Amino acid sequence: MQALPLAGPSRIRSGMVGTLFATGAAVVAFCALVAIYVQLRQSTLADGEVWLASGTIEMGPAGMMMATLLLGSITAQWAVQASKTHDRPHGFIALGLTLVFGAAVLNQFWFVYQNTGLAIDDSTAALMFFVVTGSFIAMLIGAMAVMLVTTLRALLGTFGRELAHTTQASALFWHAMVICYFLIWYGVFITK
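The rules behind these values
Residues numbered from 1 in each chain as written. Predicted model: local features only at pLDDT ≥ 70, side-chain atom pairs only at ≥ 80, totals over all residues. Heavy atoms only, no water. Helix = DSSP H or I, 4+ residues; strand = E, 2+ residues; numbered from the N terminus. Buried < 20%, exposed > 50% of the residue type's maximum accessible area, 1.4 Å probe, protein only. Polar contact = N/O pair within 3.5 Å; in protein donor to acceptor, adjacent residues only side chain to side chain. Contact = heavy atoms within 4.5 Å. Core = buried A, V, L, I, M, F, W, Y, C linked by side-chain atoms within 4.5 Å. Phe/Tyr/Trp six-rings, centres within 6.5 Å; stacked < 30°, edge-to-face > 60°.

**Examining the side chain of threonine 98**
Part 1 of the argument: Here threonine 98 shows up in helix α3 (residues 88-116).
Part 2 of the argument: A residue is classified by how much of its surface remains accessible, and threonine 98, at 0% relative accessible area, is buried.
Part 3 of the argument: A distance of 2.7 Å separates the side chain of threonine 98 from the side chain of threonine 75, its partner in a polar contact.
Part 4 of the argument: Apart from residues no more than four positions distant in its own chain, threonine 98 is found in contact with Gly72, Thr75, Ala76, Met147 and Trp174.

**Some details on the nonpolar core**
Part 1 of the argument: Core analysis: the biggest nonpolar cluster contains 45 residues, and Phe136, Trp174, Tyr181 and Phe189 have the highest contact counts within it.
Part 2 of the argument: At 13 residues, the largest contribution of residues to this core is made by helix α4 (residues 124-156).
Part 3 of the argument: Once you skip the residues sitting within four places of it in the chain, tyrosine 181 turns out to touch Ala62, Met65, Met66, Leu69, Phe109, Phe136 and Phe189.

**Some thoughts on the packing of aromatic side chains**
Aromatic ring pairs are defined here through the distance separating the ring centres and the angle between the ring planes.
Part 1 of the argument: Per the stated rule, a full pass over the model turns up twelve aromatic pairs.
Part 2 of the argument: Judged by centre distance (5.8 Å) and plane angle (45°), the ring pair of phenylalanine 109 and phenylalanine 136 falls under tilted. Here phenylalanine 136 lies in helix α4 and phenylalanine 109 lies in helix α3, a separation of 27 residues in the sequence.
Part 3 of the argument: Relative to phenylalanine 129, the ring of tyrosine 113 has its centre 6.2 Å away and its plane inclined at 80°; by these criteria the two rings are edge-to-face. One end of the pair, tyrosine 113, is in helix α3; the other, phenylalanine 129, is in helix α4, with 16 residues separating them in the sequence. One exposure class covers both tyrosine 113 and phenylalanine 129, and it is buried.
Part 4 of the argument: Chaining the aromatic ring pairs together yields one cluster made of Phe30, Phe109, Tyr113, Phe129, Phe130, Phe136, Tyr181 and Phe189.

As C-alpha cells, this is what we get:
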C-alpha cells in the first residue's frame, strides 16, 4: 500500500490580510473626518450661525450616487462569485460594470461641485464640504484602481480560484467605500 503524497503548504492570504488592514485604516480615518465635520457643524449652529445656506446642496444627486454605489457593490460581489465558479465572461462583465458605476459616481460628484457654486475658501463649511467629499473621491479612485488591477490580472492570467482572493479583496474595499459614502450621505447631504 502506497502512502498518499503530503499536501503542499497552505497559501497565506497576504493580499486579503493587507486589504483588511488598509480598509480598516481607511474607514477609521474617514469616520474621524466625518466626526470632525459634524462637530464643526454643530458648534457653528450652536453659535446661531448658518453652516450652509438652504438649497446649496441638492438631495437628488446624493441619493443617485448612493444607489449607483450600491449597484457597484452588487456587481463587485457578482465578480467574486464569477471568479469562484470560473465564469470568465460574467466575471469580466461584473468587473467592467463596477468600474462604470465608479466612473458614474465621479461624474455625479462633478455635477454636485458645479451645482453648489461653493468655493473652497468661502467658509469653514465649504472647506469641510470639499475635504470630506474630496477624501471620498480619493477613496473611490483607489477602489476603482484596485478593481482595474483585478480586471487586468484576470485578462492577463488565469480567471478562477487563483484570482478569487484578489477579487474578494477588491470587493471588500469597494464595500467599505460604500459604507464611507453612507456616512457622507447622511452626515453631509441629509442633515446638512
